[in-house]
Amino acid sequence: MRAIVLHGEELRLEERPDPVPGSNELVVAQPYAAVNPADLAQRAGRYPAPPGAPQDVPGMEVCGAVVALGDAVLGWQVGDRVFGLVGGGGLADRVAVHERHVVRMPERLDDREAAAVPEAFLTAHDAIVTQAGLGAGDVLLVNGANGGVGIAAVQVGRLVGARVIASARSEEARGRLAELGAEAVAPDDAHEGVREAGGADVILELVGAPNVPADLEALAMKGRLVIVGTGAGADAQVSLRALMGRRSRILGTVLRARPLEEKAAAIQAFGHQIVPALADGRLRGFVDRVFPAEQVEDAFAHMAEPGKFGKVLLEF
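Residues numbered from 1 in each chain as written. Predicted model: local features only at pLDDT ≥ 70, side-chain atom pairs only at ≥ 80, totals over all residues. Heavy atoms only, no water.

## Regarding the side chain of K311
Here is step 1 of the chain: By the element assignment, K311 lies in strand β16 (residues 311-315).
Here is step 2 of the chain: Taking the relative accessible area as the measure of exposure, K311 reaches 4% and is therefore buried.
Here is step 3 of the chain: Setting aside anything within four residues of it in sequence, one finds K311 in contact with A34, N36, E61, A116, E119, A120, G148, F286, V287, D288 and R289. (Helix = DSSP H or I, 4+ residues; strand = E, 2+ residues; numbered from the N terminus. Buried < 20%, exposed > 50% of the residue type's maximum accessible area, 1.4 Å probe, protein only. Contact = heavy atoms within 4.5 Å.)

Following this line, the structure appears as structure tokens:
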């Protein structure tokens, strides 16, 4: 197989032996692999892969066709198209994954669009619906809505019947978010707009610490603030009085390091509640740019830049 291998902070495209599936694993051949902010953090030494996952090959998701099965696998066959999550090793053209950490890929999705889906929609759905309980009639604020998770959250919010306010710096991105049904605003106007709407029932924070004080002031009574991204900073000063007065909650979440069964539950919920809407076109994956795997350094540099709309992919 070909894989992106970390040597310190250097990235190299290397040939390695194909992975051999464990008894409950599949090996998936993937033509595209998605780069995520977590991969940049892993490269910088701030977000190591969990125990049992490849430590020197980044990548948190998998998308492609099954090419090998473990001897205890049930329900999957060679040739099945699947997508899901891994603890590491996703930036490769062959990836081993637990059989319960993938779901069947809808026929409507081609390989390119499908590669933009798993991490983004799983993270968004798990954060705003499963954990924060977003429902019909609620107000959702998505801070930093132009990335993969943000675009997914806007669509999931609309799917469940919420009013969605989405912040993005780029005027072009705001236009595209509006086409998805969001009330798209500049970041400086986001919290005021939410307060005028009566407060947010759920805020998905994808930017980080600088937004948190204003987030707490913009929550509705019993509102929930879900922290998923900390790119702009991880340490925030919090007003406990604002938290108490609104009887609000702050939730922090990651998917990568969850125990096997917890991660499986999130992936199966995604399969039941999100995949049907991907299959009929109500939800879509968005790709910002595709790089040949040989240009992985350029892909990581682009991932670190602002102004993207959707996912950054490597093509193998």
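## Some remarks on the pattern of salt bridges
Here is step 1 of the chain: Following the criterion strictly, the structure yields 15 salt bridges and no others.
Here is step 2 of the chain: Between E61 and K311 there is a salt bridge, with the nearest N and O atoms lying 3.0 Å from each other. With E61 in strand β5 (residues 61-69) and K311 in strand β16, this residue pair connects regions lying 250 residues apart in the sequence.
Here is step 3 of the chain: Its relative accessible area of 3% is what places E61 among the buried residues.
Here is step 4 of the chain: R108 is the salt-bridge partner of E113, the closest N and O atoms lying 3.1 Å from each other.
Here is step 5 of the chain: The class for E113 is buried, based on a relative accessible area of 16%. (Salt bridge = Lys/Arg side-chain N within 4 Å of Asp/Glu carboxyl O.)

## Some words on the sheet that holds strand β6 (residues 81-85)
Here is step 1 of the chain: In spatial order, the strands read β7-β3-β5-β6-β8; together these five strands make up an open sheet with antiparallel pairing. Among the strands making up the open sheet, the edge pair consists of β7 (94-98) and β8 (102-104). With strand direction ignored, the average angle separating the axes of adjacent strands in the sheet is 45 degrees.
Here is step 2 of the chain: With five bridges joining them, β5 and β6 adopt antiparallel strand pairing. Within β6, the position partnered with E61 by the bridge is L85.
Here is step 3 of the chain: Set on the sheet, helix α3 (residues 118-131) makes contact with β5 and β6; between it and β6 the angle comes to about 55 degrees.
Here is step 4 of the chain: Here helix α9 (residues 260-273) sits on the sheet and contacts β6, β7 and β8; the angle it forms with β8, its principal contact strand, is near 20 degrees. (Pairing = 2+ DSSP bridges. Axes fitted to C-alpha atoms, helices over the stretch in contact; angles between N-to-C directions.)

## Thoughts on the layout of surface pockets
Here is step 1 of the chain: By volume, the largest pocket is sized at about 1,600 Å³.
Here is step 2 of the chain: Forming the walls of the largest pocket are 48 residues, and the residues nearest its centre are P37, L206, G229, T230 and G231.
Here is step 3 of the chain: Only α1 (37-43), α3, α4 (148-159), α6 (187-196) and α11 (296-304) provide two or more residues apiece to the lining of the largest pocket.
Here is step 4 of the chain: Residues belonging to the lining of the largest pocket are distributed by class as follows: 22 nonpolar, 18 polar and eight charged.
Here is step 5 of the chain: Considered as a void within the structure, the second largest pocket measures approximately 550 Å³ in volume.
Here is step 6 of the chain: As for the second largest pocket, its lining consists of 28 residues, and the residues nearest its centre are E25, G52, A53, P54 and A96.
Here is step 7 of the chain: Where the lining of the second largest pocket is concerned, the elements lending two or more residues are β7 and α9.
Here is step 8 of the chain: When residues of the lining of the second largest pocket are assigned to their parent elements, the largest contribution, five residues, is made by β7. (1 Å grid on protein atoms, 1.4 Å probe; cavity = no way out; pocket = protein on both sides within 12 Å on 5 of 7 lines; lining within 4 Å. Points joined across faces, edges and corners; volume = space filled by probe spheres on them. Nonpolar A, V, L, I, M, F, W, Y, C, P; charged D, E, K, R; others polar.)

## Quick word on the environment of L240
Here is step 1 of the chain: Checked against the element boundaries, L240 lands in helix α8 (residues 240-245).
Here is step 2 of the chain: Take L240: its relative accessible area is 54%, and that puts it in the exposed class.
Here is step 3 of the chain: A sequence separation of 24 residues divides L240 from L216, and the C-alpha atoms of the two residues are 9.4 Å apart.

## Looking at the nonpolar core
Here is step 1 of the chain: In terms of nonpolar packing, the biggest core is built from 56 residues, with F83, I128 and F270 touching the most fellow members.
Here is step 2 of the chain: Ranked by the residues each element gives to this core, the list is headed by α3, at seven residues.
Here is step 3 of the chain: Counting residues in each nonpolar core, the second largest holds 16 residues, with M1, V57, V86 and V97 among its members. (Core = buried A, V, L, I, M, F, W, Y, C linked by side-chain atoms within 4.5 Å.)

## As for the sheet that holds β16
Here is step 1 of the chain: Strand order in this open sheet of three strands is β4-β16-β15, and the pairing throughout is mixed. Whereas interior strands pair on both sides, the edge strands pair on one side only; in this sheet they are β4 (32-35) and β15 (287-292). Between one strand axis and the next, the sheet turns through 30 degrees on average, direction left out of account.
Here is step 2 of the chain: Note that β4 and β16 share four bridges and pair antiparallel. Bridged to A34 within β16 is L313.
Here is step 3 of the chain: Packed onto the sheet, α11 meets β4, β15 and β16 and runs at close to 160 degrees relative to β15.

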